[in-house]
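# Structural features, examined
Residues per chain, in single letters:
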Amino acid sequence: MEKFVFNISLFSYLGASLGYFVYLVYRKPVVSTVATATVGAGLLAHTVWLGLRSMETGHGPYTTTFEIGMFFSWLIVVVYFLTEWKYKIKDLGAFVLPLAFLAVLFSALLSKDVAFVRESQPFWLTLHRTLSVIGYAAFTIAFAGAIMYLIQENQVKSKKLGIMYFRMPSLEVLDKLNDKVITIGFPLFTLGFMTGPLWKATMDMPVLAWDITKTWPLVIVWLIYGVIFFGRMFSGIRGKKAAQGAIVGFVMVVLTYFLHV
Amino acid sequence: MADPNLVLVGVNHKMTPVEIRERLAFSPGEIEASLERLVSHPEVIENIILSTCNRVEIYARVRDTSKGVALLKEFICDYHNIASGDLDNYFYSFQGEHAVEHLFRVSSSLDSMVLGEAQILGQVKDAYSLARSLRSTGMVLNQLFEKAFNVAKKVREETGIAERGVSISSAAVELARKIFEDLENRSVMLVGTGEMAELAAKNLISYGVKTVYVCSRTYERAESLAKTLNGCALDFDMFKEEMHKADIVITSTASPKFIIKKDMVEHAIHQRKNKPIFFIDIAVPRDIEPEVNDLENVYLYDIDDLQSVVSANVKEREKEAETAMELIQKEVTKFNNWVVSLDAVPTIVEIRNRAESIRKNELEKALSKMEPLSDEDKKTLSIMTQSVINKIFHKPTINLKKQTQSQEGHVYLKAIRHLFHLDD
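Residues numbered from 1 in each chain as written. Chains lettered and ligands numbered in written order. Predicted model: local features only at pLDDT ≥ 70, side-chain atom pairs only at ≥ 80, totals over all residues.

## Quick word on the overall build of chain A
Short version of the rule: Only DSSP runs of H or I reaching four residues or more are called helices, and only runs of E reaching two or more are called strands; each is numbered from the N terminus. With C-beta atoms placed from the backbone, the exposure class of a residue follows from how many other C-beta atoms lie within 10 Å of its own: 20 or more, buried; 12 or fewer, exposed; in between, partly exposed. In this description, a residue-residue contact is defined by the distance between C-beta atoms placed from the backbone, which must lie within 7 Å.
For chain A, the count of helices and strands is nine helices and zero strands. Its helices and strands in sequence order give chain A the pattern α-α-α-α-α-α-α-α-α, from N to C terminus. Burial status across chain A gives 42% buried among its 261 residues. Partitioning the intrachain contacts of chain A with sequence separation of at least 6 by distance along the chain shows that 78% fall at a separation of at least 24.

## Describing the overall build of chain B
Which entries qualify depends on this criterion: Each radius of gyration is computed over the set of C-alpha atoms, and the globule rule expresses the reference value as 2.2 Å times the number of residues to the power 0.38.
A tally of helices and strands in chain B yields 15 helices and 10 strands. Since a compact globule built from 424 residues should have a radius of gyration of about 22 Å, the 33 Å found for chain B marks it as more spread out than a globular shape. Structurally, chain B occupies a C-alpha span of about 120 × 55 × 30 Å along its principal axes. For chain B, the proportion of its 424 residues judged to be buried stands at 39%.

## Describing helix α12 (residues 303-341) of chain B
Residue and element names in this part refer to chain B. Here is the rule: To estimate how far a helix should extend, the number of its residues minus one is multiplied by 1.5 Å.
In this model α12 runs 55 Å from its N-terminal to its C-terminal C-alpha over 39 residues, within 8% of the 57 Å that 1.5 Å per residue would give. If you check which residues of α12 are buried, you get Leu-306, Val-309, Asn-313, Glu-316, Arg-317, Glu-320, Ala-321, Ala-324, Ile-328, Val-332, Phe-335 and Val-339. Residues of α12 that are buried make contact with α4 (96-107), α6 (139-158), α7 (168-180) and β10 (298-302).

## Some words on the interface of chain A and chain B
Note on interface size: it is often stated as the accessible area lost on association of the parts. Put simply, the rule is: Throughout this entry, Asp, Glu, Lys and Arg are counted as charged residues, while Ala, Val, Leu, Ile, Met, Phe, Trp, Tyr, Cys and Pro are counted as nonpolar. The remaining residues, Gly among them, count as polar.
Of the residues lining the interface, 14 residues belong to chain A; the matching set on chain B comes to 19 residues. Counting only elements with at least two residues in the side of chain A that touches chain B, the list comes to α5 (123-158), α6 (163-167), α7 (171-202) and α9 (239-260) of chain A. Per-element accounting of the side of chain A that touches chain B gives the leading share, three residues, to α7(A). Among the residues forming the side of chain A that touches chain B, the class breakdown is six nonpolar, three polar and five charged.

## What to know about the domain arrangement of chain A
All names here are of chain A. The following threshold applies: Each domain span listed reflects an automatic or database assignment of domains.
According to the domain assignment, chain A consists of domain 1 (1-111) and domain 2 (121-261). Computed over C-alpha atoms, the centres of domain 1 and domain 2 are 20 Å apart. Listed by partner, the interface residues are 22 residues for domain 1 and 23 residues for domain 2. Broken down by secondary-structure element, the contributors of at least two residues to the side of domain 1 that touches domain 2 are α1 (2-26), α3 (65-87) and α4 (93-109). The element best represented in the side of domain 1 that touches domain 2 is α3, accounting for 10 residues.

## A short note on the domain arrangement of chain B
Looking at the assigned domains, one finds that chain B contains domain 1 (6-158), domain 2 (168-310) and domain 3 (343-419). Between the C-alpha centres of domain 2 of chain B and domain 3 of chain B the distance comes to 80 Å.

## Remarks on the pairing of strand β1 (residues 6-12) of chain B
Taken residue by residue, a regular strand's side chains alternate between the two faces of the sheet. Residue and element names in this part refer to chain B. Test applied: Think of it this way: DSSP has to see at least two bridges between two strands before they count as a pair.
With six of seven residues buried, β1 is to be regarded as a mostly interior element. Bridge count between β1 and strand β3 (residues 55-62): seven bridges; the pairing is antiparallel. Across the sheet, Asn-12 pairs through a bridge with Arg-55, a residue of β3.

## Examining unusual backbone geometry
Residues and elements named next belong to chain B. Between Val-284 and Pro-285 the backbone carries a cis peptide bond, its omega angle lying at -5 degrees. A positive phi angle is found at Ser-109, which is not glycine, with a value near 70 degrees. Tracing the chain through its elements places Ser-109 in the loop between α4 and α5 (119-133). By the C-beta count within 10 Å, which is 25 here, Ser-109 ends up buried. Phi angles above zero are rare outside glycine, and Glu-181 is one such case at about 65 degrees. In this fold, Glu-181 is placed in the loop between α7 and β5 (187-191). A count of 17 C-beta atoms within 10 Å places Glu-181 in the partly exposed class.

## With respect to the confidence of the model for chain A
Note the following rule: Think of pLDDT as the predictor's per-residue confidence, scored from 0 to 100.
When pLDDT is averaged across chain A, the result is 83; 90% of the residues are at 70 or more. Of all secondary-structure elements in chain A, the lowest mean pLDDT belongs to α6(A), at 79, while α5(A) reaches the highest, 88.

## Digging into the pairing of β5(B)
Residues and elements named next belong to chain B. What counts is decided by this rule: For a crossover, the right-handed case is the one in which the path from the first strand over the helix to the second runs clockwise, viewed with the strands pointing away from the viewer.
Counted residue by residue, β5 has four buried out of five residues, so it is predominantly covered. The pairing of β5 with strand β6 (residues 211-215) spans five bridges and is classified as parallel. Looking across to β6, one finds that Ser-187 is bridged to Thr-211. A crossover connection joins β5 to the parallel β6 through helix α8 (residues 195-206); in handedness this β-α-β unit is right-handed. Where β5 meets strand β8 (residues 248-251), four bridges bridge the pair, whose relative direction is parallel. Across the sheet, residue Val-191 finds its bridge partner in β8, namely Thr-251.

## Brief notes about the environment of Gly236(A)
Its location among the elements puts Gly236(A) in the loop between α8 (212-234) and α9. In this structure Gly236(A) comes out as partly exposed when scored by C-beta crowding, with 16 C-beta atoms within 10 Å. Among all residues touching Gly236(A), those that are not within four sequence positions of it are Lys273(B) and Asn274(B).

## Overview of the nonpolar core
Threshold: A set of buried Ala, Val, Leu, Ile, Met, Phe, Trp, Tyr and Cys residues, joined through C-beta atoms within 7 Å, is what we mean by a nonpolar core.
Judged by nonpolar contacts, the single largest core of 124 residues is most densely connected at Ile76(A) and Val214(B). At 14 residues, the largest contribution of residues to this core is made by α5(A). Membership of the second largest hydrophobic core comes to 54 residues, among which are Leu38(B), Phe104(B), Ile161(B) and Val332(B).

## A few points about the confidence of the model for chain B
Atom-level detail of predicted coordinates should not be read off regions where pLDDT is low. In the predicted model, chain B carries a mean pLDDT of 89, and the fraction of residues at 70 or more is 99%. As a predicted assembly, this complex carries a pTM of 0.74 together with an ipTM value of 0.83.

## Brief notes about the sheet that holds strand β4 (residues 92-95) of chain B
Residues and elements named next belong to chain B. Rule in force here: Throughout, an axis means a line fitted to C-alpha atoms (over the contacting stretch in the case of helices), and angles, computed between N-to-C directions, take values from 0 to 180 degrees.
One open sheet accounts for four strands, arranged β2-β3-β1-β4; its pairing is antiparallel. Strand pairing shows two members of the sheet lacking a second neighbour, β2 (44-51) and β4, which therefore form its edges. Mean inter-strand twist for the sheet, computed between neighbouring axes without regard to direction, equals 15 degrees. Packing against the sheet, helix α2 (residues 28-39) makes contact with β2 and β3, and its axis sits at approximately 160 degrees to β2.

## A few points about the environment of Glu117(B)
All names here are of chain B. Mapped onto the secondary structure, Glu-117 falls in the loop between α4 and α5. For Glu-117, a count of 14 C-beta atoms within 10 Å gives the class partly exposed. Each C-alpha atom of the pair Glu-117 and His-418 lies 43 Å from the other, and the pair is 301 residues apart in sequence. If near-sequence neighbours (up to four positions away) are discounted, Glu-117 is found in contact with Ser-109 and Ser-112.

## Description of the packing of α3(A) against α4(A)
All names here are of chain A. Condition: An angle below 35 degrees is read as roughly parallel, one above 145 as roughly antiparallel, one from 65 to 115 as roughly perpendicular, and any other as oblique. Helix crossings are classified by the rotation of the near helix relative to the far one: an anticlockwise turn of less than a right angle makes the crossing left-handed, while a clockwise turn makes it right-handed.
For the pair α3 and α4, interaxial distance at closest approach is 8 Å and the crossing angle is 165 degrees. Judged on the interaxial angle alone, α4 and α3 are roughly antiparallel. The handedness of the crossing between α3 and α4 comes out as left-handed. Residues Phe-66, Gly-69, Met-70, Phe-72, Ser-73, Ile-76, Val-77, Tyr-80 and Glu-84 of α3 form the contact with α4, whose own contacting residues are Gly-93, Val-96, Leu-99, Ala-100, Ala-103, Val-104, Phe-106 and Ser-107. When grouped by side-chain class, the residues that make up the contact of α3 with α4 number 12 nonpolar, four polar and one charged.

Written out as structure tokens, the structure reads:
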């Protein structure tokens, strides 16, 4: 059963990715409706999977890298769904769903063993991981939006108005998306980032004994999104710079992830 | 009604010069009179006249197609006092499904001078409702035109035929909306009061732009244009200081040198905290230094840039027109099927055959159970059963034939075929 729902969500995301891409190019409304429905089905299966897994392990899906990968991809799709509903940017799906698909696919390659946990998960660890993963999901959406922004910006600037110019949303909308997602994602990520040491403190582990290779990229990730977050507030960082920042930030996020695996 | 004998006679901008089109055009009053005159002609069953500046067309259902075509040509010429032989080369005429296809193309704006323009559909609708109100249309033209409106809507929705602006000012508005999305509450500054700039400003205002600043070397000019645009006039030299307040700047001065330079814009963008500015330079020679486009969050289009956007859009519409044609072909086939379905005769024949075979079977069964009958008696029984069937089907046959001439004819036929299970 677990495997079955896992496969449903995996293939739904693949199908939806293709669907959104077709919609981006051919603009058939029915295709986007089907794609959205497919994402819905995939998300439902994904949710069921998380439930089953949690029942099996006795705790939430954030102990092994496999579980965290699945939780992360689930959040990407949830955040995507909310964004599509709020901003009506259907084309975003063509950029986000492939990422969700890849995240699930990559998780599938990881060890599916259940981690041995002595007692119930400590509160601070749960909070640390949940907030961080929500932050990462938000950054993923920001990344997809940033790619769209740069494509659109390049077309308007170079005066070569291709098919994407007509299909994709305005620069204003894409910049707003970047703003909203990072405005929500960055504080959550920061909280997640800070609750890490707190968890260690409650476990009587040395708070500052960081594993340097694992931690420095995180600090850079935090700095990059911090610059976008505060820069937008105080010094007019927006548009292309914010989009480039979101892309560099996401590359760092991926790098961090692989350093942790 | 096996063949509705649809014909169409007309002239359009592609084949006929304007000097001739204007002589053949009908004013609304003339259309009324002509519709009535035509429909009272024994050859004509239904007719609709479409007269716009680019075309004059008469759609009609006639008793005989070749006679009908000749009659309509003659009518148009006679009405305008022109010898009919003179114009033979200019007229086109279509019959049956070709006429249907032509109407679908016209209403979907595939036959227009500017592909995809929206006006023609309204004109076709007006022509139809005028004819309908004068009762010069009937079942076939009603269905044909309603279908044509449907097809036009479908073409508009499912192809990109009307998606891209094909005039300088619409392309500029489109760009503004790709930069700012919503133009509501945006501000625009006009530097110079050229006619094109005014047109573009009006177009932007129609999309919700609220604040308009107008600068001109002659203040009175700025003031009078500001009045018509409901904006405020500025001294010419003010535009440098006020530029940062504008989201869109349209220049159209006669200045021989660039009046907006890169450093000026850099300063304005800084004051705006990097909020984008869209510059539209309509002036020739240009008013804005081209390097301005290199600045981040600044987009500069001059008249040539806009012109090339427009020609790319025109090409794109031509491509979309091909997709639209495929869609239209399908709809023409559907319409033809509807026309065929109007024919009551095959249905009546099928019902009769069905009844006849039942009668024969039952009669044989009955005869085999009876005492040997004389041939005379057998004949009487056969005649009796036949006349039962004839009597039962007499009224329905007459009514069905009558109803298929009416607006809802195809509904009747469908119901009958369903009730008698003729299609399985």
